[in-house]
Amino acid sequence: MAILAVDNVSKRFGGLVAVDSVSFSVAEGEILGIIGPNGAGKTTLFGLISGFMPPSAGDVKFDGASIVGVAPHLLVRRGLSRSFQIVQTFADMSTLDVVTTAALVRRPLLEAIDYAGHVLARVGLQGKEHLTPKQLSLQDKKLLEVAKCVATDPRLVLLDEVMAGLTLAETEAPLAVIRELNAQGVTIVMIEHVMPVIMRLAQRMIVLNFGAKIAEGTPQEIVENKAVVDAYFGDHVDA
Amino acid sequence: MRPDFYRTLLSPWPWLVLTVGAVMPLLLPNYYLHILTVTLIYAALASAWNIVGGIAGQISLAHSLFVGAGAMLSSALLVKLGVNMWLGMLAAAAVSAVIGALVSFIDYRFRLGHLSFALITLAFAEMAEIYVIGTDFLGGASGLFLPRDTGDITQFQFGGGRGAYWVMLGMTALCILVNLAILTSPLGYNLRSMRDNENAAQAIGVGLLRNKTLAMTISAVLTSIIGTIYARYLTFADPYLLASPVLTIEIVLFATVGGLGSAIGPALGAFLLAPVGEILRGQLGDKLPGLHYFIYGLVVIGVILASPGGVWSFIKSLGRRRS
Ligand SMILES: Nc1ncnc2c1ncn2[C@@H]1O[C@H](COP(=O)(O)OP(=O)(O)OP(=O)(O)O)[C@@H](O)[C@H]1O
Ligand SMILES: [Mg+2]
């Protein structure tokens, strides 16, 4: 059964249709990539799935049950966790405190503190437990975004451009973590602009353009798809 | 609770300070004991406010409402209906808890930002003052005189100066202890994450309504109880002092100077500033009214420029530099 089923979901902001009747589903254990030009509606789609905004139309099912209208923190408790494209900083908390808060979702405090330390080490932030997120480099901030997701013990993670702005060498650490997570059975949906990265990682991809899904298939099928190439290189006529 | 909670409790420092505090009434003349008692009241108020304003980072200006409820309602119940003031204290605390929960719900429901939250809570406090002044049962504009304190504890009477001082010392210790307990427990983690970033907090599983309501209710109950003790201590429930938003401003100021969000900072701020204000009010109140506010203002500017995290974070940074 699909762990996530997005069914004809739309989001309108005034006159702008940011997400336009998008449907897709994700099987348990899969890695699905989402790509699309800037402003295509990818982040908005994540907001709709993770409960941060209500869709204007359509339905989202997690584990077979509709989750439209369910508050984000309750979805986290049910195993649906997301990261933010714009790295979220906490002014006064150390990275350890932040990740501990995430770990509290499923653990008592002392265990959560312990587990948070492990998670930080696992994503490669060992030794930086007592820095505040603001003191971290962009690469480390992105790793912290991943660590926060991991610490909630999710079954499905939505990762929004956790590798944007990193050099190809810097993507190795988050890539390894994502692979490891997936190997443990966690389902992953990731938005990524860095094509070589997502091509290597994703088993299946969907492409958004102007809010609508314009293609779906294996990475190989996607790079050969004419509509996708047009969307990226502007060789299309606006309706 | 984190182990450092118990470590702090078992360390000699709090006990030393408490012991020194407890013998003060035996050493100090009445006037200074009065100043110290008022200081403790403000230290406890700043500490109780810190749960919402510091740890959860929501600048609540509603707190004079809770002090007012604790003071005016329990006094009215006693004076007008003969209700035992212990019961009155509990009734007022319950009313404060409900109002606090309502404020949190409004905040959550309408997703108020920090500024709107401050303004709306201020509006609540203003309305409460107007309501008290217009309500005969609550003493109206002239307030309520309480019966003389005969030291009968069953009647919420603590025997005037010394007794009230010891009660306030205990209450202040309790408020600081509650702060420490929150900071070293899951609630503290949740509140701190919300303070910094509500969306990101939700994304790591923190429920805003539950945590906001919990913080506000705990803070409101403590504040209300302090209000009851304050009125009993003054033997006069004065709405222009106890239900006035000006009171909240002082609380916020002390907490900010001392250090928002830490367990001890807000009480420390009250200890640094309240005596100065109280002495100036006593010495120069008729010649230069409001002088203490001017001095508070200067101190706040000074402290915020020197150490934006307040006096306590400055002291901590000194400690860190030495070690
Ligand atoms: N809260 C909002 N209110 C109004 N318009 C919005 C809002 N959020 C997004 N939009 C608009 O919706 C469209 C889709 O934005 P979105 O952030 O989802 O795109 P994206 O595919 O994630 O882009 P990028 O690759 O740049 O991250 C954009 O035109 C954006 O300006
Ligand atoms: Mg985006």
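For clarity, every value in this text was computed on a predicted model and none was experimentally measured. (Residues numbered from 1 in each chain as written. Chains lettered and ligands numbered in written order. Predicted model: local features only at pLDDT ≥ 70, side-chain atom pairs only at ≥ 80, totals over all residues. Heavy atoms only, no water.)

**Quick notes on the layout of surface pockets**
We count it as follows: Points on a 1 Å grid, built from protein atoms alone, make a cavity when a 1.4 Å probe fits but cannot get out and make a pocket when they are open with protein on both sides within 12 Å along at least 5 of 7 lines; residues with an atom within 4 Å of a point are the lining residues. Grid points are joined across faces, edges and corners, and a volume is the space filled by probe spheres set on the points. Helix numbers and strand numbers start at the N terminus; a helix is a DSSP run of H or I with at least 4 residues, a strand a run of E with at least 2. For this scheme, ten residues count as nonpolar: Ala, Val, Leu, Ile, Met, Phe, Trp, Tyr, Cys and Pro. Four count as charged, namely Asp, Glu, Lys and Arg, and the remainder, Gly too, count as polar.
Considered as a void within the structure, the second largest pocket measures approximately 300 Å³ in volume. Along the wall of the second largest pocket there are 19 residues; nearest its centre are G51, F52, G69, A71 and P72 of chain A. Listing elements by their share of the lining of the second largest pocket, those giving two or more residues are helix 1 (42-49) and helix 2 (72-78) of chain A together with helix 5 (85-109) of chain B. Residue classes in the lining of the second largest pocket are distributed as 14 nonpolar, three polar and two charged.

**Observations concerning the packing of aromatic side chains**
Residue and element names in this part refer to chain B. Note the cut-off: Aromatic rings from Phe, Tyr and Trp, with only the six-membered ring used for Trp, were paired whenever their centres fell within 6.5 Å, and each pair was classed as stacked if the ring planes differed by under 30 degrees, edge-to-face if by over 60, and tilted otherwise. Accessible area is worked out with a 1.4 Å probe on protein chains only. A residue is then buried under 20% of its type maximum, exposed over 50%, and partly exposed in between.
Summed over the entire model, instances satisfying the criterion amount to eleven aromatic pairs over all chains. Relative to Y230, the ring of Y42 has its centre 6.3 Å away and its plane inclined at 80°; by these criteria the two rings are edge-to-face. Taken as a pair, Y42 in helix 3 (residues 30-55) and Y230 in helix 10 (residues 208-234) lie far apart in primary sequence, 188 residues in all. Across the pair, Y230 and Y42 agree in class, each one buried.

**Some thoughts on the site of ligand 1**
All names here are of chain A. The following threshold applies: Residues are classed as near a molecule or strand on a simple rule: at least one heavy atom within 4 Å of it. Here a polar contact is recorded for every N or O atom pair within 3.5 Å, except that within protein the pair must consist of a potential hydrogen donor and a potential acceptor, and residues adjacent in sequence are included only if both atoms are side-chain atoms. Exposure was quantified through the Shrake-Rupley algorithm and a 1.4 Å probe, taking into account, for residues, occlusion by the shown protein chains and nothing else.
Not every one of the 14 residues close to ligand 1 is listed here, only the nearest: G39, K42, T43, T44 and Q85. Contact between ligand 1 and A40: an oxygen atom at 3.1 Å from a main-chain N or O atom of the residue. At 2.5 Å from an oxygen atom of ligand 1 is found a side-chain nitrogen or oxygen belonging to T44. Protein contact buries 62% of the 640 Å² of open area that ligand 1 shows by itself. Of all the elements in the fold, those that place two or more residues in the shell around ligand 1 are strand 2 (16-27) and helix 1. Ranked by the residues each element gives to the shell around ligand 1, the list is headed by helix 1, at three residues. Its residues placed into classes, the shell around ligand 1 shows five nonpolar, seven polar and two charged.

**Topic: the interface of chain B and chain A**
As a reminder of what qualifies: The contact definition used throughout considers only heavy atoms, calling two residues in contact when any of these lie within 4.5 Å. The rule for a salt bridge is simple: a side-chain nitrogen of Lys or Arg has to be within 4 Å of a carboxyl oxygen of Asp or Glu.
Between chain B and chain A, the contact holds 22 residues from the first and 26 residues from the second. We note a salt bridge from D97 of chain A to R192 of chain B, for which the minimum N-O separation is 2.7 Å. At the boundary of chain B and chain A, one finds three residue pairs in polar contact (both at pLDDT 80 or more). Examining the composition of the side of chain B that touches chain A, we find that seven residues originate from one element, helix 8 (residues 186-196) of chain B, more than from any other. Considered class by class, the residues forming the side of chain B that touches chain A number nine nonpolar, nine polar and four charged.

**Section: the coordination of the magnesium ion (ligand 2)**
Residue and element names in this part refer to chain A. Quick reminder of the rule: With water excluded from the atoms, a metal site may look incomplete; its donors are any N, O or S atoms within 2.8 Å, or within 3.2 Å for Na, K and Ca.
For the magnesium ion (ligand 2), the protein coordination sphere consists of T43 (OG1) and Q85 (OE1), at 1.9 to 2.1 Å. With T43 in helix 1 and Q85 in the loop between strand 6 (80-82) and helix 3 (95-103), the pair connects residues that are 42 residues apart, well separated along the chain. The class for Q85 is partly exposed, based on a relative accessible area of 31%.

**A word on empty space enclosed by the protein**
Taken as a whole and assessed by the stated rule, the structure comprises one cavity of 30 Å³ or more. In this structure, the largest cavity encloses a volume near 40 Å³. As for the largest cavity, its lining consists of S50, F52, P72, V76, L80, S81 and R82 of chain A together with A203 of chain B. Where the lining of the largest cavity is concerned, the elements lending two or more residues are helix 2 and strand 6 of chain A. Considering each element in turn, the lining of the largest cavity owes the most residues, three residues, to strand 6 of chain A. When grouped by side-chain class, the residues that make up the lining of the largest cavity number five nonpolar, two polar and one charged.

**Side note on the environment of R232 of chain B**
Residue and element names in this part refer to chain B. The topology assignment puts R232 in helix 10. Residue class for R232 comes out buried when judged on its relative accessible area of 2%. In the structure, R232 is positioned 80 residues away from W312 in sequence and 31 Å away in space, judged by C-alpha atoms. Sequence-distant contacts of R232, defined by excluding residues within four places in its chain, comprise M85, L146, P147, R148, D149, F156 and Q157.

**Focus on the environment of D153 of chain A**
Residue and element names in this part refer to chain A. By the element assignment, D153 lies in the loop between helix 5 (138-151) and strand 7 (156-160). Residue D153 is classed as partly exposed on the basis of its relative accessible area, which comes to 25%. Each C-alpha atom of the pair D153 and L181 lies 9.8 Å from the other, and the pair is 28 residues apart in sequence. In this structure D153 touches R106, R107 and Y115, once residues within four positions along its chain are discounted.

The quantities given are spatial measurements derived from coordinates; they are silent on function.
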